[in-house]
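Breakdown of the fold
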Amino acid sequence: METISFFDGRKIPLERHKVRIVQQLNLLPVEERLARLKEASSNLYLLHNKDIFLDMLTDSGVNAMSDRQQSAMMRADDAYAGSESFFRLEKTVQDIFGMEHFLPAHQGRGCEKVLADLLVKPGDIVPMNYHFTTSRAHIERCGGEVIEFLIPEGLNCQSDYPFKGNFDTKALAKFLEENNDRVPFVRIEAGTNLIGGQPFSFGNLKEAAAICRKHDIPLVMDASLLQDNLYFLKIKDEECKDLSLREIMRAVADECDIIYFSARKLGFARGGGICMRESELVNPLKELIVLNEGFLTYGGMSVREIEAIAVGLEETLDLAITSQGPEFIAYMVDELEKRGIPVVTPAGGLGCHLDASRFVPHIPQEQYPAAALAAALYIAGGIRGMERGTLSENRDDDGNEKIAEMELLRLAMPRRVFTLSQIDYAIDRVTWLFENRDLIGGLRFEHEPKILRFFLGKLAPLSDWQERLAEKFSRDLPDSL
Ligand SMILES: *Cc1c(COP(=O)(O)O)cnc(C)c1O
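The structure contained in this document is the topic of the report that follows.

For strand 12 (residues 408–412), a buried count of five out of five residues is recorded, marking the element as mostly surrounded by other parts of the structure. Judged from the three bridges that link them, strand 11 (residues 386–388) and strand 12 form a sheet pairing that is antiparallel. What sits directly across from Met386, in strand 12, is Arg410.

Within the structure, the ligand sits among 14 residues, and Gln107, Arg109, Asp222, Ser262 and Lys265 are positioned closest to it. Taking Arg109, its side chain carries an N or O atom lying 2.7 Å from an oxygen atom of the ligand. Burial of the ligand by the protein amounts to 97% of the accessible area it has alone, namely 380 Å². Among the elements that make up the shell around the ligand, the one with the highest residue count is helix 4 (residues 108–119) (three residues). Here the shell around the ligand is built from residues that sort into two nonpolar, six polar and six charged.

For the second largest pocket, the calculated volume is near 960 Å³. Every residue lining the second largest pocket is counted, 37 residues in all, and those nearest its centre are Thr3, Ile4, Pro13, Tyr231 and Glu327. Of all elements in the fold, only helix 8 (226–236), helix 12 (319–322) and helix 13 (324–338) reach the threshold of two or more residues within the lining of the second largest pocket. Here the lining of the second largest pocket gets 10 residues from one element, more than from any other, and that element is helix 13. For the lining of the second largest pocket, a count of residues per class yields 18 nonpolar, seven polar and 12 charged. Taken together, domain 1 (30–59 + 321–476) and domain 2 (67–317) each give at least three residues to the lining of the second largest pocket, which thus spans both.

As a further point, take the nonpolar core. Met56, Met332, Leu354, Phe359, Leu433 and Ile440 are the most contacted members of the largest nonpolar core, which totals 63 residues. The greatest single-element share of this core, amounting to 11 residues, is contributed by helix 15 (residues 369–381). Setting aside anything within four residues of it in sequence, one finds Met56 in contact with Met332, Ile383, Arg384, Gly385, Met386, Arg410, Leu411, Ala412, Met413, Phe418, Ile423 and Ala426.

The N-to-C vectors of helix 13 and helix 16 (residues 420–435) enclose an angle of 30 degrees; their axes lie 10 Å apart at closest approach. Comparing their axes, helix 16 and helix 13 come out roughly parallel. Here helix 13 runs over helix 16; the crossing is right-handed. Counting all contacts with helix 13, which are made through Phe328, Tyr331, Met332, Glu335 and Leu336, the residues of helix 16 involved are Leu420, Ile423, Asp424, Ala426, Ile427, Val430 and Thr431. Its residues placed into classes, the contact of helix 13 with helix 16 shows nine nonpolar, one polar and two charged.

Another point: the pattern of salt bridges. Should the charged atoms of two oppositely charged side chains come close, the side chains can pair. Per the counting criterion, the structure on display carries 40 salt bridges. Residue Lys91 pairs with Asp95 through a salt bridge whose shortest N-O separation is 2.9 Å. Separated by four residues within a single helix, Lys91 and Asp95 lie in helix 3 (residues 84–97), roughly one turn from each other. Judged by its relative accessible area of 40%, Asp95 is partly exposed. A salt bridge links Glu401 to Arg453; the shortest N-O distance between them is 2.5 Å. Taken together, the residues Glu401 in the loop between strand 11 and strand 12 and Arg453 in helix 17 (residues 453–456) connect sequence positions 52 residues apart. You can call Arg453 buried: its relative accessible area is 1%.

Conventions we followed
Sequence positions are assigned chain by chain, starting from 1 and proceeding in written order. In view of the model being predicted, local features appear only for residues whose pLDDT reaches at least 70, and side-chain atom pairs are presented and counted only at 80 or more, with totals across whole chains, interfaces and linings using the full set of residues. Excluded from the side-chain calculation are hydrogens and water; included are all heavy atoms of the structure. Relative accessibility thresholds used throughout: buried, under 20% of the residue-type maximum; exposed, over 50%; partly exposed, between the two (1.4 Å probe, protein chains only). By the criteria applied, helices consist of DSSP H or I runs no shorter than four residues and strands consist of E runs no shorter than two, each listed in order from the N terminus. At least two DSSP bridges between two strands are needed for those strands to be called paired. It suffices for a single heavy atom of a residue to lie within 4 Å of a molecule or strand for the residue to be listed as near it. Pairing of N or O atoms within 3.5 Å defines a polar contact, subject to two protein rules: one partner must be a possible hydrogen donor and the other a possible acceptor, and residues neighboring in sequence count only if both atoms are side-chain atoms. Each accessible area is a Shrake-Rupley estimate made with a 1.4 Å probe; only the visible protein chains count as cover when residues are assessed. Gly is placed with the polar residues, together with every amino acid not listed as nonpolar (Ala, Val, Leu, Ile, Met, Phe, Trp, Tyr, Cys and Pro) or charged (Asp, Glu, Lys and Arg). Only protein atoms enter the calculation, which uses a 1 Å grid: trapped sets of points that fit a 1.4 Å probe without letting it out are cavities, open sets showing protein on both sides within 12 Å along at least five of seven lines are pockets, and any residue with an atom within 4 Å of a point is a lining residue. Grid points are joined across faces, edges and corners, and a volume is the space filled by probe spheres set on the points. All domain edges in this entry derive from an automatic or database-based domain assignment. Buried Ala, Val, Leu, Ile, Met, Phe, Trp, Tyr and Cys residues form a nonpolar core when they are joined through side-chain atoms within 4.5 Å. Contacts are residue-level and defined by heavy atoms, with any inter-residue pair within 4.5 Å sufficient. The angle between two axes is taken between their N-to-C directions and runs from 0 to 180 degrees, where each axis is a line fitted to C-alpha atoms and a helix contributes only its stretch in contact. Roughly parallel means an angle under 35 degrees; roughly antiparallel, over 145; roughly perpendicular, 65 to 115; everything else is oblique. Two helices crossing with the near one rotated counterclockwise from the far one by less than a right angle form a left-handed crossing, whereas a clockwise rotation gives a right-handed crossing. We count a salt bridge whenever a side-chain nitrogen from Lys or Arg sits within 4 Å of a carboxyl oxygen from Asp or Glu.

If you want it as structure tokens, here you go:
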């Protein structure tokens, strides 16, 4: 691997791109951050972007595009049917994944919707290494149930195990022996999102695929975060370390029957799609795409985005590009760990994950510790992260709170967007917050939606802790915004 080392021995991630377009950021004074948080009912999804300094909510649709992507967008071919832009993307996808069919969709959840509509019926069970919010919601909407077969290490926040996204293949095999007639497909998620962007190993993927083949059950990969998983396969998996990213990508695809992805993540653009081999599922899925997403040569995407995805997918196979996200994340995780701040280890893809259950152990899970931490970090630094804990779950049928297995605050690292000094700022504000963690209190719902409640829910603090935190910040850093 071609590496760049610093002569003085420092190990800091080096950007392999230069900035050519910039967007000015606002850092509001802390009193105003408090006021905006109140207006947003302590739900950071309800903030306005102009009131945020570092938006670390997600990597979805907010990665920086390259000059090559921008120039490809200029030549996009606008047509309802038969756009050349689509055929260029289709050819790229076929080359990369080696699958014949590409069905476009407006974003990842569009793929999930049509797959669930076609494949899942009431009483079905979909085994997976771990769920994602929208994936599970669509399966349950169709009357199905999700069962997770993650290795136990996957839920251990402090670990040095490199492949925490692995399937417990023994348990999966046993389950399929007994229940294969109720399983329409098995889903494997790359760069497993909700456990901290953790990858699977190539050997584990092959084992899961062999088990599925034995029972003639399709293996469906959610490849939205495959970019990070590829990077970890290249640098941590003995089986892959001598292969190029393109070869790894192909080897991974060869194990799957269907691959779908959110191009808001994979491909540095916005959109999505389903890749598959010839099968009797292709035509019914095409009909559902036309019904739900759009005609087969755009699927709800703009032709400009389609061009950008085609170029972005190729760029994903360049290690100098793909390494940027995980290297920045590893830097942030290492720096926070040095300061004794609880983060998910090893560093994964997608973002740096604070472990709220150890950061604010005094807040019970019914009071949404990760969401409280998210609100507190906005007060402390104008930084927006995303709660991934009990708030992101839904109540059960009897209205009881479903307690999440992990309480994480994800600080996502959109690719090529932040500079290292901005990451240092985030590290500094998290450190201040950790020193003052006793001031952080819980939250409760004022308005609680039934579906995916974390997006639109309105919350309120259980005391005046937000005011006290803002006052303490002003006392500790009187000359700073
Ligand atoms: C983001 C994401 C999705 C959903 O994609 P959208 O484009 O946001 O609809 C599905 N699965 C995983 C693993 C994701 O990270």
